[in-house]
Amino acid sequence: MKLKITLPSVYTILFLLIILVAALTWIIPAGQYKMVNNELLGKLVPVSGSYHQVESSPQSFTDILLAPIKGFYDPVTNQARAIDVALFVLIIGGFFGVVNKTKAIESGIFQITKKLKGREIWMIPTLMGFFALGGTIFGMAEETLPFYTLVIPVMIAAGYDSITGVAVVMIGAGVGALGSTVNPFATIIASNAAQVSFTDGLALRIVILILAWLLCVVYVMRYAKKIKENPELSLVANHKLANEKYFLHHSISTTDKSLSIQQKLVLTVLLLVFVVMVIGVSYSNWWMAEISALFIAATLVVAVVAKINEQTLTVSFIDGAKELLGVAFIITLARGLVVVMDEGNITHTFLFYAENLLSDLSPIVFINAIYGVESFLSLLIPSSSGLAVLSMPVLAPLADFSNVPRELVVTAYQAASGLPNLVTPTSAIVMGGLALGRVSYSTWLKFIAPLLAMIILLVMIMLSVGVVLS
């Protein structure tokens, strides 16, 4: 008799991580850097060499239970934390609940796969190029969440699996963020904090972006081709029928599904809402509130276009939101983990350990050590801007003692800060995307581990080349 091992759910994994971080606050010394206001960044930044121990703030059992709540908002100051993103996810769910009522996406998927018969594989580099562009220009992250609902059904209908759909969105945007060029939320903030121009080191970042994107595209295409030819090799093969039923909305027949005029109008609205979202984020500083309002407006437009009555509209919206309720909770759990670490005053302590580790190293060893340290810190601080503001003022000056240009430190940070968008369990983007794709975290690790190793090796080689050429 074989012993069947059931892996814990993503909720359990995140809650266990919260308990682990809370336990660390009882072991690791509490400490902080002196924080001063940086007028250029408009944020408080740490002063290098100013670390000092502070009164210990070990997180109790009550703090652990409060962590998911504090992931939503700060109950003391009432400041929002992840509540805006969680609400955005629920509104997205409601929007697609109404859109799916029209069967426009279902018919549209059929028409796309019919026209691309035999050439479906080329959707992968095209879509990954689009998401990488968003990642490198404005750090596309939370904005990718709506796209999973669109891309995954297309990939499944084309003969691939849900992992392929998740990979196209998550890895596409992630590799763009990893190779950010003009991303204001990462590259520009980090460059300013390191006191260099964001154009310094731009050429190397472009090379890393192109090479890493090509590597990721080839990896995903090879997997997609393999599982299309041999579906039993899919990492989610045991969920094949269930995923087809779920993502293709209970209709996986091959009968013709012609698009009606109403459905064409609905798909037009769907396209326009994503175009407006990208423009709003890129040029008008939109964030979750404005994007959520956009999707509420789009929901009403779809209802009018498709002639959906008020009762059907309400029920469809609520049912759609219910399907993503679990994703919203995952996002706040991930944020709650970071809150426990911050309130336990051990975040700065990790940075202080890193500062000591990087002293008196040769240039090539130093830059790769910076990359390793930033990669570790990115697991603890999944926010790219938060990591830049915290780490750059402390780590960038160390480059001067190792004869390494500071822009290379920015590039190392940049390449590391993209990793949370690919794998870290503290990232709402990763856990939310996997939940939308119905892919377990352990399954995702099996898929991405070889690619992650290749990306890390590629970045280390390019950083070393950067040192030699500087």
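These figures come from a predicted structure and were not determined experimentally. (Residues numbered from 1 in each chain as written. Predicted model: local features only at pLDDT ≥ 70, side-chain atom pairs only at ≥ 80, totals over all residues. Heavy atoms only, no water.)

Engineer: I'd like to hear about the packing of helix H6 (residues 145–157) against helix H20 (residues 428–437), residue by residue, with values.
Structural biologist: One way to put it is that H6 packs onto H20 with a least axis distance of 10 Å and a crossing angle of 30°. By the angle between their directions, the pair H6 and H20 is classed as roughly parallel. When you trace H6 past H20, the crossing you get is right-handed. Contact with H6, carried on its side by Leu145, Tyr148 and Ile152, involves Ile429, Gly432, Gly433, Leu436 and Gly437 of H20 and no other residues of that element. In terms of residue class, the contact of H6 with H20 is made up of five nonpolar, three polar and no charged. (Axes fitted to C-alpha atoms, helices over the stretch in contact; angles between N-to-C directions. Helix = DSSP H or I, 4+ residues; strand = E, 2+ residues; numbered from the N terminus. Parallel < 35°, antiparallel > 145°, perpendicular 65-115°, else oblique. Left-handed = near helix turned anticlockwise from the far one by under 90°. Contact = heavy atoms within 4.5 Å. Nonpolar A, V, L, I, M, F, W, Y, C, P; charged D, E, K, R; others polar.)

Engineer: Run through the nonpolar core, naming residues and quoting values.
Structural biologist: Core analysis: the biggest nonpolar cluster contains 150 residues, and Phe95, Ile124, Ile171, Phe274, Phe295, Trp444 and Phe447 have the highest contact counts within it. Sorting elements by how many residues they give to this core places helix H21 (residues 441–469) first, with twelve residues. Non-local contacts of phenylalanine 447, meaning those with residues more than four positions away in its chain, are made with Ile163, Ala167, Ile171, Tyr219, Val220, Tyr223 and Leu235. (Core = buried A, V, L, I, M, F, W, Y, C linked by side-chain atoms within 4.5 Å. Buried < 20%, exposed > 50% of the residue type's maximum accessible area, 1.4 Å probe, protein only.)

Engineer: Could you give an account of the pattern of salt bridges, with specific residues and numbers?
Structural biologist: The tally for this structure, following the rule as stated, stands at eight salt bridges. Salt-bridge contacts for glutamate 120 lead to lysine 228; the nearest nitrogen and oxygen are separated by 3.2 Å. Here glutamate 120, found in the loop between helix H4 (104–115) and helix H5 (123–138), pairs with lysine 228, found in helix H9 (residues 202–229); they are 108 residues apart in sequence, far enough to count as distant. Judged by relative accessible area, which is 5%, glutamate 120 ranks as buried. A salt bridge links aspartate 400 to arginine 406, with the nearest nitrogen and oxygen atoms 2.6 Å apart. The exposure class assigned to aspartate 400 is partly exposed, which follows from its relative accessible area of 40%. According to the relative accessible area criterion, arginine 406 is buried, its value standing at 18%. In this structure, a network of salt bridges that share partners links the residues Asp63, Lys70, Asp74, Arg81 and Glu343. (Salt bridge = Lys/Arg side-chain N within 4 Å of Asp/Glu carboxyl O.)

Engineer: Explain a nonpolar patch on the surface to me, and be specific about the residues and the numbers.
Structural biologist: Nonpolar side chains collect at one region of the surface, where Ile364, Leu457, Ile461, Val465, Val468 and Leu469 lie side by side and expose about 570 Å² of accessible area between them. Per-element accounting of the nonpolar patch gives the leading share, five residues, to H21. Within the fold, isoleucine 364 resides in helix H16 (residues 363–380). Its relative accessible area of 38% is what places isoleucine 364 among the partly exposed residues. (Patch = residues over 30% accessible without salt bridge, like charges linked within 9 Å, V, L, I, M, F, W, Y side chains within 5 Å. Areas by Shrake-Rupley, 256 points an atom, 1.4 Å probe, with all protein chains shown as cover.)

Engineer: Account for empty space enclosed by the protein, with residues named and values stated.
Structural biologist: By the definition in use, this model includes two cavities of 30 Å³ or more. Space inside the largest cavity adds up to approximately 50 Å³. Around the largest cavity, the lining residues are Met140, Ala141, Thr144, Tyr148, Met170, Ala173, Gly174, Asn421 and Ile429. Residue contributions to the lining of the largest cavity peak at three residues, all from helix H7 (residues 162–178). Grouping the constituent residues of the lining of the largest cavity by class yields six nonpolar, three polar and no charged. (1 Å grid on protein atoms, 1.4 Å probe; cavity = no way out; pocket = protein on both sides within 12 Å on 5 of 7 lines; lining within 4 Å. Points joined across faces, edges and corners; volume = space filled by probe spheres on them.)

Engineer: So, the packing of aromatic side chains: which residues are in play, and what are the values?
Structural biologist: Per the stated rule, a full pass over the model turns up 15 aromatic pairs. Arranged with centres 6.4 Å apart and planes meeting at 85°, the rings of phenylalanine 72 and phenylalanine 329 form a pair that is edge-to-face. Remark: phenylalanine 329 occurs in helix H14 (residues 325–343) and phenylalanine 72 occurs in helix H2 (residues 61–72); sequence separation between them is 257 residues. Chaining the aromatic ring pairs together yields one cluster made of Tyr33, Tyr51, Phe352 and Tyr353. The ring of tyrosine 246 is capped by arginine 438, whose NZ or CZ atom sits 4.1 Å from the centre of that ring. (Phe/Tyr/Trp six-rings, centres within 6.5 Å; stacked < 30°, edge-to-face > 60°. Lys NZ or Arg CZ within 6 Å of the ring centre and 35° of its normal.)

Engineer: Explain helix H8 (residues 184–193) to me, and be specific about the residues and the numbers.
Structural biologist: Listing the buried residues of H8 in full gives Ala186, Thr187, Ile189, Ala190, Ser191 and Ala193. On the buried face of H8, the contacting elements are strand S3 (43–46), H9, helix H17 (384–395) and helix H19 (406–417). Positive backbone phi, approximately 65°, marks glutamine 195, located one or two places after H8.

Engineer: How would you explain the environment of asparagine 285 if you had to name every residue and give the values?
Structural biologist: Following the sequence through the fold, asparagine 285 ends up in the loop between helix H11 (261–283) and helix H12 (288–305). Given the relative accessible area of 66%, asparagine 285 is considered exposed. On a C-alpha basis, the gap between asparagine 285 and isoleucine 171 in space is 24 Å, while along the polypeptide they are 114 residues apart.

Engineer: Residues and numbers for the environment of lysine 117, please.
Structural biologist: Residue position: lysine 117 is located in the loop between H4 and H5. Separated by 186 residues in the primary sequence, lysine 117 and alanine 303 have C-alpha atoms spaced 32 Å apart.

Engineer: Outline unusual backbone geometry, listing residues and values.
Structural biologist: Of note, glutamine 195 is a non-glycine position whose phi angle comes to about 65°, a positive value. A positive phi angle, close to 55°, is found at arginine 438, a residue other than glycine. Looking at where arginine 438 falls in the secondary structure, it is placed in the loop between H20 and H21.

Engineer: Go over the packing of H16 against H17, please, and point to the residues and values.
Structural biologist: Where H16 meets H17, the axes come as close as 11 Å, and the angle between the chain directions of the two elements is 150°. Taken together, the axes of H16 and H17 lie roughly antiparallel to each other. Note on packing geometry: the crossing formed by H16 with H17 is right-handed. Taken together, the residues of H17 that come into contact with H16 (itself represented by Phe366, Ile370, Val373, Glu374, Leu377 and Ser378) are Leu387, Ser391, Met392 and Leu395. The residue makeup of the contact of H16 with H17, split by class, is seven nonpolar, two polar and one charged.

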